[in-house]
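The lines below spell out each chain.
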Amino acid sequence: MKKTICLSKLATNFGFEFEGKDIEFDGLGLCNRETSCKSMLSYVVDNKYIANIKENEAISCLVLSESLKKLYSEENIGRDISYIISEKPEMCFYSIHEALCKSGELYECYDFEPVIGKECRIAETAVVEKGVVIGNHVTIGHNTVVRSGSVIEDNTTIGCNTTIGSEGFQLITDGSNAPMHITHVGRCHICSNVYIGDNTCICNSLFEGETYVGEGAKIDNLVHIAHNLYIGNGAVITAHVITCGSSIIEDGAWIAPNSSILNRVTIGKGAKVGLGSVVTRDVVPYTVVYGSPAKTHE
């Protein structure tokens, strides 16, 4: 059963005040992302997200500044929500998140013994943490680490020195302090018939959900797959590719060596990204792009 926490308890435990109803929420998240939460705490730092808040009815409480409260009022977003007032909303939001990570009051803890299917070949030097689910006929090479909460489906091969479910990289700063690294509480899901090479890192998701590698996808050596990435069925990602967070690589797309994909970029179905490209914009399905920045070519 999913954990929940009351806003009043959160305020008491972590020392802040709130305005509005004492709502009960089941997750934290970013206001411009999809969510499975029924009631969510989020934050805003400017006026760009009014439409997102309107559309995402799961958002029941916002961390924001006093000057933004009127903009995100019931009159403008069409429903009543609660507020945590802070002149540094982003820092406040992530401080609450970090406190909840430490307290264990909200986020799921994957502390069950790993579940490993039939006829798997897992090297003696591999590490499979608690809370991992592995299907049948899975091969895992030497010194590979499968982190807690990861799911690996049938007939998948993972090479040596690879990490599945690595802590992702999210930094927050208010300009006056050293950047704060944000704990990731999501998961990593590798579907069936996937191949992942050596020295590759696949991060888990930041909040809810999972970093997802679709059925039959092939990932080469020395690849970085960032948090919340979605990789479609049969996609191919070759050596030395770096992907940034929340990008989408659709079914059958091909990413050539030494390419970099900016965060939240979509590589369309069947598209091809050429050698050494820097992709800063969405790529239309079945097109070829290359260059820095990558452009469409016939």
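Residues numbered from 1 in each chain as written. Predicted model: local features only at pLDDT ≥ 70, side-chain atom pairs only at ≥ 80, totals over all residues. Heavy atoms only, no water.

Quick notes on the layout of surface pockets
- Taken as a whole, the largest pocket spans an internal volume of roughly 1100 Å³.
- Lining the largest pocket are 42 residues; nearest its centre among them are Leu 30, Arg 33, Asn 228, Ser 246 and Arg 264.
- Considering every element that reaches the lining of the largest pocket, the biggest residue donor is strand β4 (residues 40–43), with three residues. (1 Å grid on protein atoms, 1.4 Å probe; cavity = no way out; pocket = protein on both sides within 12 Å on 5 of 7 lines; lining within 4 Å. Points joined across faces, edges and corners; volume = space filled by probe spheres on them. Helix = DSSP H or I, 4+ residues; strand = E, 2+ residues; numbered from the N terminus.)

Overview of helix α5 (residues 89–103)
- Here α5 is 15 residues long and its end C-alpha atoms lie 21 Å apart, about the 21 Å a rise of 1.5 Å per residue gives.
- Among the residues of α5, those classed as buried are Pro 89, Met 91, Cys 92, Phe 93, Tyr 94, Ile 96, His 97, Glu 98, Ala 99 and Leu 100.
- In the segment just after α5, Gly 104 is the residue with positive phi, at about 75°. (Expected span 1.5 Å × (residues − 1). Buried < 20%, exposed > 50% of the residue type's maximum accessible area, 1.4 Å probe, protein only.)

Digging into the packing of aromatic side chains
- For the structure shown, the criterion picks out six aromatic pairs.
- With a centroid separation of 5.9 Å and 65° between ring planes, the pair formed by Tyr 43 and Tyr 94 is classed as edge-to-face. Taken together, the positions of Tyr 43 in strand β4 and Tyr 94 in helix α5 put the pair 51 residues apart, joining distant regions of the chain.
- A relative accessible area of 13% places Tyr 43 in the buried class.
- On the basis of an interplanar angle of 20° and a centroid distance of 6.2 Å, the ring pair of Tyr 94 and Phe 207 is categorised as stacked. In this pair, Tyr 94 is assigned in helix α5 and Phe 207 in the loop between β20 (201–203) and β21 (210–213), connecting sequence segments 113 residues apart.
- Classification of Phe 207 as buried rests on a relative accessible area of 7%.
- Among the aromatic residues, ring-to-ring pairing joins Tyr 43, Phe 93, Tyr 94 and Phe 207 into one connected group. (Phe/Tyr/Trp six-rings, centres within 6.5 Å; stacked < 30°, edge-to-face > 60°.)

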